[in-house]
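Commentary on secondary and tertiary structure
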Amino acid sequence: MTWRINILFLSFIIFSCLTALNAQVNVAFDEDNFPGEQKKLLKEAIKEIREGDDNFFNDIPQYAFAIEHYLKANGFNPNNALLNYKIGVCYIKTVQKTKSISFFEKALSFDPQVKPDLLYLLGQAYHLNLETDKAIQKFEEYRQSLTPNELSQLNVQIDKKISECEVAKEMIGNPVRVFIDNLGSPVNSKYPDYSPYINEDETVLMFTSSRDNTTGGGIDPFDLMYFEDIYISFRDKNTDTWEAPVNPGKPLNTDSHDAIVGISPDGKHALIYKGENGGDIFECFIKDGGWQYPRPLPKEINTEYHETSASYAPDMQTIYFVSDKPGGYGGKDIYVSQMVRKGNSDKYEYSKAVNIGASINTPYDEEGVFMSSDGKSLYFSSKGHRNMGGYDIFRSENVNGIWTEPVNLGYPVNTPDDDVFFSISRNGRHAYYSSFDPNGIGQRDLFMITFLGPEKPVITKDDWDVQTFKLEPTNEIILAGKKEIKAIQLAIIKGVIRDAVTLEPVGAVPVEIFDNELGVKVASFESSSETSEYLVSLPSGRNYGFAVKAKEYMFYSENLIIPASTSVQEINRDIYLKKIEVGSKIILKNIFFDFNKATLRPESKTELDRLIKLLQDVPSLKIEISGHTDNVGSALYNQQLSENRAKSVVDYLIINGLDSNRLTYVGYGMTQPVATNDTEDGRQMNRRTEFKVLSK
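Residues numbered from 1 in each chain as written. Predicted model: local features only at pLDDT ≥ 70, side-chain atom pairs only at ≥ 80, totals over all residues. Heavy atoms only, no water.

This next bit is on the overall build of the protein. The helix and strand tally for the protein stands at 11 helices and 37 strands. Projected onto the principal axes, the alpha-carbon positions of the protein cover approximately 135 × 65 × 55 Å. By sequence separation, contacts in the protein at least 24 residues apart represent 56% of the contacts at least 6 residues apart. Total accessible area computed for the protein in this model is approximately 34800 Å², and 53% of it derives from carbon and sulfur atoms. For the protein, the distance from the average site of its 74 positive side-chain charges to the average site of its 97 negative ones is 4 Å. (Helix = DSSP H or I, 4+ residues; strand = E, 2+ residues; numbered from the N terminus. Contact = heavy atoms within 4.5 Å. Areas by Shrake-Rupley, 256 points an atom, 1.4 Å probe, with all protein chains shown as cover. Lys, Arg positive; Asp, Glu negative; His and termini not counted. Charge placed at Lys NZ, Arg CZ, Asp CG, Glu CD.)

Our next topic: the sheet that holds strand 30 (residues 542–548). With respect to topology, 4 strands assemble into an open sheet ordered 28-27-30-31, the strand pairing being antiparallel. Where the open sheet ends on each side, the last strands, each with one partner, are strand 28 (520–526) and strand 31 (556–562). On average, adjacent strands in this sheet sit at an angle of 20 degrees to one another, irrespective of strand direction. When strand 27 (residues 510–515) meets strand 30, the two strands line up antiparallel, connected through 5 bridges. Following the sheet pairing, Glu512 is matched in strand 30 by Ala547. (Pairing = 2+ DSSP bridges. Axes fitted to C-alpha atoms, helices over the stretch in contact; angles between N-to-C directions.)

Let's shift gears to the pattern of salt bridges. The final tally for this structure, using the stated rule, is 31 salt bridges. For the salt bridge of Glu202 with Arg235, the shortest nitrogen-to-oxygen distance reads 3.8 Å. Here Arg235 lies in strand 4 (residues 229–236) and Glu202 lies in the loop between strand 2 (193–198) and strand 3 (204–209), a separation of 33 residues in the sequence. One exposure class covers both Glu202 and Arg235, and it is buried. We note a salt bridge from Arg610 to Glu607, for which the minimum N-O separation is 2.3 Å. Of this pair, Arg610 and Glu607 both sit in helix 9 (residues 605–617), separated by 3 residues, roughly a single helical turn. Given the relative accessible area of 0%, Glu607 is considered buried. Salt bridges linked by common partners bring Asp630, Glu680, Arg683 and Arg687 together as one network. (Salt bridge = Lys/Arg side-chain N within 4 Å of Asp/Glu carboxyl O. Buried < 20%, exposed > 50% of the residue type's maximum accessible area, 1.4 Å probe, protein only.)

If you trace the backbone, Ser233 turns up in strand 4. Every residue in contact with Ser233, bar those within four places of it in the chain, is listed here: Val187, Thr203, Val204, Leu205, Trp242, Glu243 and Pro245.

Along the chain, Ala64 turns up in helix 3 (residues 63–76). Assessed through its relative accessible area of 44%, Ala64 is described here as partly exposed. Placed 43 residues apart in sequence, Ala64 and Ala107 show a C-alpha to C-alpha distance of 20 Å.

Along strand 23 (residues 445–451), 6 of the 7 residues are buried, which leaves the element largely enclosed by surrounding structure. By the bridge criterion, 5 bridges tie strand 1 (residues 178–182) to strand 23 in an arrangement that is antiparallel. Looking at the pairing, Asp181 lines up with Met448 of strand 23. Pairing geometry for strand 22 (residues 430–435) and strand 23, over 6 bridges, is antiparallel.

The subject of this paragraph is the confidence of the model for the protein. Scored by pLDDT, the protein comes out at a mean of 85, with 90% of its residues at no less than 70. Confidence drops under pLDDT 50 across residues 1–23; counting only partners more than four residues distant or on other chains, this segment forms 1 contact. (pLDDT = per-residue confidence, 0-100.)

Once that is clear, we can look at the sheet that holds strand 37 (residues 688–695). Adjacent strands of a sheet form backbone hydrogen bonds with each other and so pair up, either parallel or antiparallel. Strand order in this open sheet of 4 strands is 34-37-35-36, and the pairing throughout is mixed. Strands at the two margins of the open sheet, each flanked by one partner only, are strand 34 (585–587) and strand 36 (663–667). If you compare each strand with its neighbour and ignore which way they point, the axes differ by 20 degrees on average. Here strand 35 (residues 622–628) pairs with strand 36 via 5 bridges, running parallel. The residue bridging Glu624 from the neighbouring strand is Thr664, located in strand 36. Packed onto the sheet, helix 9 meets strand 35, strand 36 and strand 37 and runs at close to 155 degrees relative to strand 35. Strand contacts of helix 10 (residues 635–655): strand 35, strand 36 and strand 37, with the helix running at about 160 degrees to strand 36, the strand carrying the most contacts.

In the case of a regular strand, side chains alternate between the two sheet surfaces. For strand 31, a buried count of 5 out of 7 residues is recorded, marking the element as mostly surrounded by other parts of the structure. Across 7 bridges, strand 30 lies against strand 31 in antiparallel orientation. Paired with Tyr544 across the strands is Leu560, a residue of strand 31.

Looking now at the environment of Val322. Relative to the elements of secondary structure, Val322 occurs in strand 12 (residues 318–323). Expressed as a C-alpha distance, the spacing of Val322 and Ile281, which sit 41 residues apart in the sequence, is 9.7 Å. Other than its neighbours up to four places away in sequence, Val322 contacts His306, Glu307, Thr308, Ser309, Lys332, Asp333, Ile334, Glu366, Glu367, Gly368 and Val369.

What follows is the structure, given as structure tokens:
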């Protein structure tokens, strides 16, 4: 009896093993495996595979279309190694990459030799799914499967993938503190939405999308998607939400592909990628209330190679861009070009582009460059550096002309997939990017990241010192003696340029801003042609000179000292221009003298040169330069000091080629105050240099 039971048990074990083995058998698509009535279904499945192969092996593979046919054939026979491999490849090449895992695993169980790169692709799929230990194991197994010749060619690539897994494992274990929110409807659609860019005050959002209301309604024959267009959404100030995006149409968009790659601080200029000449960057701006025709950036930036993304610096005088032209450190590098004066003329042109160097660029690709509002922090995507896979977003700061070692923004901002085309708000609190979300609205959605910063330390009794704390606007107590405060040091200056009499906006007006201490121009732009509004961001803690010049108006001069601050400052400053008329006066606010002397200080040069330019532009103009003081000291002393200072200005103008017959100087001392002399601020206003139009 016992013997009989053992035989039955052994038979059961053998049957179970045979059944398990049979489940791993690779089943080919042939009539031996599908006889009789299944032949008709077999024929249909083979037809689907062939149609899938037509897309899979196309010169430009159409994986999204191939997978539809392969899945139908897989429904008939799910146990074929090659078909499961092809489905896995299709998924890993599209947005739903992690769906490839189960198909690669089946292919491996049916036939480990079905394709040489199966182990590598399965490792890549695990990596994308954040299963880093499994991924490393498969990469090592793939390494062991290679011949010596293959290993010599692929060993560096395998080492890099394993390094990416190690970095990913570390960053997943130490995530950054962020909220990541889908912008939702109506911004996102069921179509791909990507590459979001915001203006300085986070009221304008421009992005790229392939939607059914594309300009011209064209469909790309390569992927059967609608052509890309640029869309714009505005933030509703009352509800603090993004409005339904609009397609601005022509001329910003065309019947072909149009993709936004950069936006100016005021939202009035756009940098656009077009596939012309291999891929170039175009610039478009708003004038008279509408977008003008895009024009290509000059040859100093665009080449016969691919220029794929770009970013304005806050001064609008510098452009950072990406190119794959020869001579770089890797496939695609980041370059910079600056506006420089063209000879002795008043015209400016872009300088020859310069590679920003090996601190930023790597032997791999860089992409998606974005310069922050402070003009110091460069954000970009890279396949190099300490990377957790695909493109990761990094930040580097320019310190005394040298770029610091790029810092990975960390998980979950970065993932093992491609994280690219990223823009950040002026205060660094919000950032915008696009990603695929299986629970999202479309094939790719736009998201907003909110950076929460490091956790606040617990304040103990020993930390408490009533003399060393200050209350910030956030109502958080920061112990000055215990924790370093990193200054944001940024100011947003905005306002409207108006006629001083009618108070009407004067339209598009050139604005130049100079660092008075360094004597260099830090920004140059035009106000809005429609509203005459302007907006600029500047590092705080500096002394700036504002200069505004419109046709038929006296130039405007403003000295603005922005105090250092640990938060973003917003300064509203409307500018009022006076017409050039006999008797008109303006204060030259950026002319400076040594204390109690008539010696012009070097930082006065920029203002004086502007005055020279005005007199050159209006050769019939005759002016009076007058000096004024406060009431400190004797009347005689102040009258002589003011006269000597006015004479110093006139002497400078004559030395620089102006006819002395057009110039008069006079010192009024303390006789014409414009403010009280009872306060230091009032006395400062009274110590001034003016010019008055005598005839025109």
